Structures are given as C-alpha cells and as structure tokens.
Amino acid sequence: MKAAAVVADILKREGVQFLIGYPVNPIIEAAAEVDIRTIIVRQERTGLHMADAVSRVSSGERIGVFAMQHGPGAENSFGGVAQAYGDSVPIVVLPAGYPRRLLNIPPNFSSFLNYQHVTKWAEQVILADAVPHAMRRAFTQVRNGRPRPVLVELPADLLQENVPDGWTYTPAPRLRTAPDPRAVADVAAALVAAERPVIYAGQGVHYARGWRELRELAELLEAPVTTSLQGKSAFPETHPLSLGSGGRSIGKALHHFLTSADLIFGIGCSFSTTNYGVAMPKGARIVHATLDPADVNKDLRAELALIGDADLTLGALVAEVRDRLHGGPRGRAAAVTQEIKRLKAEWLAQWAPRLTSEATPLSPYRVIWDLLHAVDVANTIITHDAGSPRDQISPFWESVAPLTYIGWGKTTQLGYGLGLAMGAKLAAPDKLCVNVWGDAAIGFTGMDFETAVRERIPILSVLLNNFSMAIELKVMKVATEKYRSTDISGNYADFARALGGWGERVTEPGAIVPAIKRAIAKTREGTPALLEFITEKAVDFSIFP
Ligand SMILES: Cc1ncc(C[n+]2csc(CCOP(=O)(O)OP(=O)(O)O)c2C)c(N)n1
Ligand SMILES: [Mg+2]
C-alpha cells in the first residue's frame, strides 16, 4: 500500500469523516478512495478553522484534520494552526513535505521546523514504514492532555512510496486523569468556607463534557458561575446563578460578583492574561483546576490547585462538597439569585436603547438582539469574529445549551468566524450555524463563502457593515482624517449572490427579523446565506474599568 493510502486508512480507523484540504497532497485522493468526504477550500487558513470547529463542537470526540501541499500550502496555513494553538484546539495537520532529497535544504519550507511553536507535537517522517507509528503518536497526543494541534510532515515522494506489508494500526485511546483526592478535599473545604465564591468555567469543561457536574457543584454551593469566552455555553446563561460570560465586554452582574468575590474557583481554564477575557481582580484568592500543570501559577498565583480532567475533577468536588454540607441547602441561593437578577435587569435597562434602537444606520446591538430572539437559541451554534462584533455580541448572547457558542480570543485573527461556522455545520448539520463578523473580517476569508456554497455547507453569515474598522478609529485618528485609513468598502450581499449564495442587504430596523427568517429558510434548503446589515460605526461597549 502506498503511504498516502495508509494515512487515509488510518484516518478512517480514527473515525475521521471529513478531510478538509487544499491540493496538492496525495492524501486527499487516497481519502476519497476510502469514502472520507474531501472538502476543498479556497485558502488553507479557512480549512484549518473548519477542522478546528469540527473538534470543538464534538468536544474533541471527532478530530478535525487538514491536509495541504508542501511549500506554499504549508506556508499559507500558518495562521490557522497558530489560531488553534492559541485557543488550545486539538487538530491534526498533515502537510506534504518537499521530496526527501530537498527536504531540509534552504530555502525550502520545513513544516517540522517552522511549526514547532504552534503545535504540541510535530514530526517529519522520512521512512515509509514509520508512517503508522507517526500517525499513532500524533493521534495519541491530539486526544490526550492539553488539547492543541499536532502535525505530521510527510514528504511528497514518501507519500507515493509503498509501506511494507505487515503494518498494523490501533486507534489511539482517550485517557482521563483525576486529581489527587487530598487536594480535592482541601479545595472542597475552601469552597465551602468561602462566603462569596465565584466559579469561572473554561473550555476544559466542554472538552471533558463536565456540564452536568458544573451545574451540580454551583447549585450545591449556591454560587454564581461565569465562563471564559472559550467556555461560554458550559453553563446555561438563563440559569438564575449565571453571571454571563467573561470577555473584553461583560455584564454588570459579573463585574459586581467578581470584584466582591472572596474566592474564585477556575475549572478547566488557564487564567491566561488576555485582552479578550475578563481580568481577575488584583489580589483575588484563586483556586485553579486545570488539565495542564503548565498553567498553574503561570499568570496568577493559585492558593490551591487541582490537576485533572474537568469532569472527573468536578465529580470529585461534588461528592466532597455534598459530604461537607450534610445534605441541607445553605440558604444563600435566594439572596445570590436576587442580586444577579437585579443587576442584570439594571444593566439590560441601561442597554435597552441600544438593543432596541430604531435608528439608521442600524445599531449593531439591535441586529444582535433581534437575531437572539429570532433563532432557536438552543439549536443554534454561533461564533463572533475579531473586532467590535465580538465585544458587542458576547455579553448579550444568552447561551442555553453546551457547545452552542464558539468563543475565542487568546489570539484573534480577523476572519476566523467563517470557517468555524462552516466546520460546526459539518459536525452538527441539524443546527443553525452562524458567524457574526465585521466588514474588515470578511476581507480576510470572505472568498470561502464560495466553499460553503460549493461544498453545500449552508451556514448563516451575519455581516455588520459599517464601511469602517470602527474599533480602530480612536487609535488611528490622524491617519483617518488625512488618508481615510480606517475606511473600507464593499457590497457584500451582491458578493454573496455572485458566489451562488443567498445575499440580502438590510438597512431598516423593521426589516431585520424578516430577513433573518428568509435567510434561515434558505439555509434549510441547503443554500448558505449572507445578511449584510448596514450599521453605524459603534464604539460603545459594556466595559467596566
Ligand atoms: C489578522 C488580524 N489583523 C489585525 C487585527 C486587528 N484588528 C482587530 S479588529 C480590527 C478591525 C475590525 O473592523 P471590523 O471587522 O469592520 O469591525 P468594526 O470594528 O468596524 O465593527 C483590526 C484591524 C486582527 N484582529 N486580526
Ligand atoms: Mg467595520
């Protein structure tokens, strides 16, 4: 069997249903031969984002795989892999390499060397009989420990060579680790002793599918819950104990409870310092539960820490906490939930003029608010983009079911959202999959709307067109005044139609919901839709200093 066919066979055994890629890489043809659906993008970056979403929305049960050619394909993929690394997403990246006689000779691009810092595992295979071993190592790494990209560089000539008969392959296991029981007892004691604890859930809860345990722990402790952007939807945001998600912009209840917390319990999170995550108050007492010891005491000092799978950790804590509480309710829930309710109502009242604005150009908040109320939220997977759309949507979108919001932001590449929505739709075809982006973001990956059309991936793309990089206005005042440097232009509804999709430009507040309904109907018929809302250059965010 040729090495390319061996790789395809192994992908099949690992449960891979889609190979997303861009030619030339013989693995693409070999995958089609074994009935793995091949999906060809318009540029590599979007394909990696699609693979990324396949992994995310399946909690890593199904690993997204991307293949590309040596040289330009591998060079052009860097952004997609770096984004997955930044946000800790487990994907398998399969670049072809230069033929072995040229493999490590300048200026030929070496994926093995260049991807070292954006993968957790990178290997260059130089012997055909090593292919199954390299694939086993890659899949074992990608399924276990901290989720992150892995890469196997397969030289183009090696892919055409035969792997000697007799090779075998067993799919890589997914193994879980549980925290030290003594440390669990200490953390449970600290949680029970705290007067105003706040639970901060990261995406580790999604990967471990620890949603039920998270809720149980919160309800036992009668403690409020927030999430990172990546962890958003791990806890129902309509639950009376929900503070909404943390990001650059947040709700008032979250700000209030976080700043007055006497203990913050992070579960499945990294506590990394980032502009796009809610900052922990200075001097806050932190208890940190994470899969990756490298995150403990990294950006923040942890008073106590637990290492292990989030589901096993939460399960162990629930048992310990229940023991300590002797079964009875603590009698705190009423006060906590009333305070949350009051602060949330105050905050929403303050934002109501923006969320229900009748102005034209449209308020982006009005578009988001109408979208939230027009879709079936529990059966929608939505993602933001970089720039203002992220900070406009994340505090106001109320996720009610796990894995229905793809949040990101350890690095924030404009244009990431489109591929995420497309990958989500591949993995969850019955869900409405939506990306909300600005007119700068579409400049990066917009051509791949054609991929959605051609590959029959009917997503809904919500474009907030304000003919500007509005978020940059205040830092580019002179350049804007002298050279109009933050202006951008385009008619994206026409663009969507030109690529074979459904496109509508919406300018009036009353037209928002009917347009959304028409677009959803189009997606149900199999046609991707792009709604272009003409919006003001909004610069107001729900930010607390
Ligand atoms: C690849 C990349 N380059 C640069 C940036 C920095 N950046 C963040 S948002 C933004 C402009 C956003 O404009 P737009 O998407 O139109 O949203 P708006 O603020 O106008 O609503 C820029 C340049 C980035 N996030 N990603
Ligand atoms: Mg804009």
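Residues numbered from 1 in each chain as written. Chains lettered and ligands numbered in written order. Predicted model: local features only at pLDDT ≥ 70, side-chain atom pairs only at ≥ 80, totals over all residues. Heavy atoms only, no water.

## What to know about the pairing of strand β10 (residues 263-267)
We count it as follows: Burial here depends on accessible area, computed with a 1.4 Å probe over protein chains only, as a share of the maximum for the residue type. Under 20% is buried, over 50% is exposed, and the range in between is partly exposed. By definition, any uninterrupted DSSP run of H or I lasting at least four residues is a helix, any uninterrupted run of E lasting at least two residues is a strand, and each is numbered from the N terminus. Here, a strand pair is defined by DSSP locating no fewer than two bridges between the strands.
Across the five residues of β10, five count as buried, placing the element largely inside the fold. Along β10, one buried face is formed by L263, F265 and I267 and the opposite face, lined by I264 and G266, is buried too. As paired strands, strand β7 (residues 197-201) and β10 are joined by five bridges and run parallel to one another. Note that in β10 the partner of Y200 across the bridge is G266. Two strands pair when backbone bridges link them, and β10 and strand β11 (residues 286-290) are joined in this way by four bridges, in the parallel orientation.

## Re the sheet that holds strand β8 (residues 225-227)
Threshold: For helices, the fitted axis covers only the stretch in contact; all axes are lines through C-alpha atoms, and the angles between them, taken along N-to-C directions, range from 0 to 180 degrees. Should any heavy atoms of two residues lie within 4.5 Å, those residues are considered in contact.
Taking strand neighbours across the sheet as the criterion, the six strands line up as β9-β8-β7-β10-β11-β12 in an open arrangement whose pairing is parallel. Every other strand in the sheet has two partners, leaving β9 (242-245) and β12 (304-307) as the edge strands with one partner each. Ignoring strand direction, the axes of neighbouring strands in this sheet form an average angle of 15°. Across the face of the sheet, helix α11 (residues 211-221) comes into contact with β7, β8 and β10 while running at roughly 170° to β7. Along the sheet face, helix α13 (residues 310-325) touches β10, β11 and β12 and points at about 135° away from the line of β10.

## Looking at the site of ligand 1
The condition that has to hold: One heavy atom suffices: a residue is near a molecule or strand as soon as one of its heavy atoms comes within 4 Å of it. In protein, a polar contact requires one atom able to donate a hydrogen and another able to accept it; more generally it is a pair of N or O atoms within 3.5 Å, and residues adjacent in sequence count only if both atoms are side-chain atoms. Amino acids outside the nonpolar list (Ala, Val, Leu, Ile, Met, Phe, Trp, Tyr, Cys, Pro) and the charged list (Asp, Glu, Lys, Arg) are all regarded as polar, and Gly is one of them.
Residues in close proximity to ligand 1 total 18 residues, the closest being S388, T412, D439, S468 and A470. Contacts to ligand 1 include S468, whose backbone N or O atom sits 2.8 Å from an oxygen atom. Between ligand 1 and the protein, one listed contact pairs an oxygen atom with a backbone N or O atom of I471 at 2.9 Å. Its residues placed into classes, the shell around ligand 1 shows nine nonpolar, seven polar and two charged.

## Things to note about the environment of V6
Relative to the helices and strands, V6 is located in helix α1 (residues 3-13). Accessibility expressed as a relative area gives 0% for V6, which makes it buried. C-alpha of V6 to C-alpha of D129: the two residues are 123 residues apart in sequence and 10 Å apart in space. Look past the residues within four positions of V6 in its chain and what remains in contact with it is M1, V131, P132, V163 and W167.

## Describing the packing of α1 against helix α7 (residues 131-143)
For clarity, the cut-off: A clockwise turn of the near helix away from the far one marks a right-handed crossing, whereas an anticlockwise turn of less than a right angle marks a left-handed crossing.
Packing of α1 against α7 leaves a shortest axis separation of 10 Å and a crossing angle of 35°. The element α1 and its partner α7 pack so that their crossing is right-handed. Contacts between α1 and α7 involve A3, V6, V7, I10 and L11 on the former and, on the latter, V131, P132, M135 and F139.

## A look at the packing of α1 against helix α2 (residues 26-33)
Quick note on the threshold: The scheme is simple: roughly parallel for angles under 35 degrees, roughly antiparallel for over 145, roughly perpendicular for 65 to 115, oblique for anything else.
Between α1 and α2, whose axes approach to 8 Å, the crossing angle comes to 55°. With respect to α2, the axis of α1 lies oblique. In this structure, α1 crosses over α2, and the sense of that crossing is right-handed. Contact with α1, carried on its side by A4, A5, V7, A8 and L11, involves P26, I27, A30 and A31 of α2 and no other residues of that element. Looking at the contact of α1 with α2 residue by residue, the classes come out as nine nonpolar, no polar and no charged.

## Brief notes about the sheet that holds strand β1 (residues 18-21)
Here we have six strands laid out as an open sheet, ordered β2-β1-β3-β4-β6-β5, and parallel in their pairing. Strand pairing shows two members of the sheet lacking a second neighbour, β2 (37-40) and β5 (121-124), which therefore form its edges. Ignoring strand direction, the axes of neighbouring strands in this sheet form an average angle of 20°. In terms of strand pairing, β1 meets strand β3 (residues 64-68) through two bridges, oriented parallel. Following the sheet pairing, I20 is matched in β3 by F66.

These figures come from the coordinates and say nothing about function on their own.
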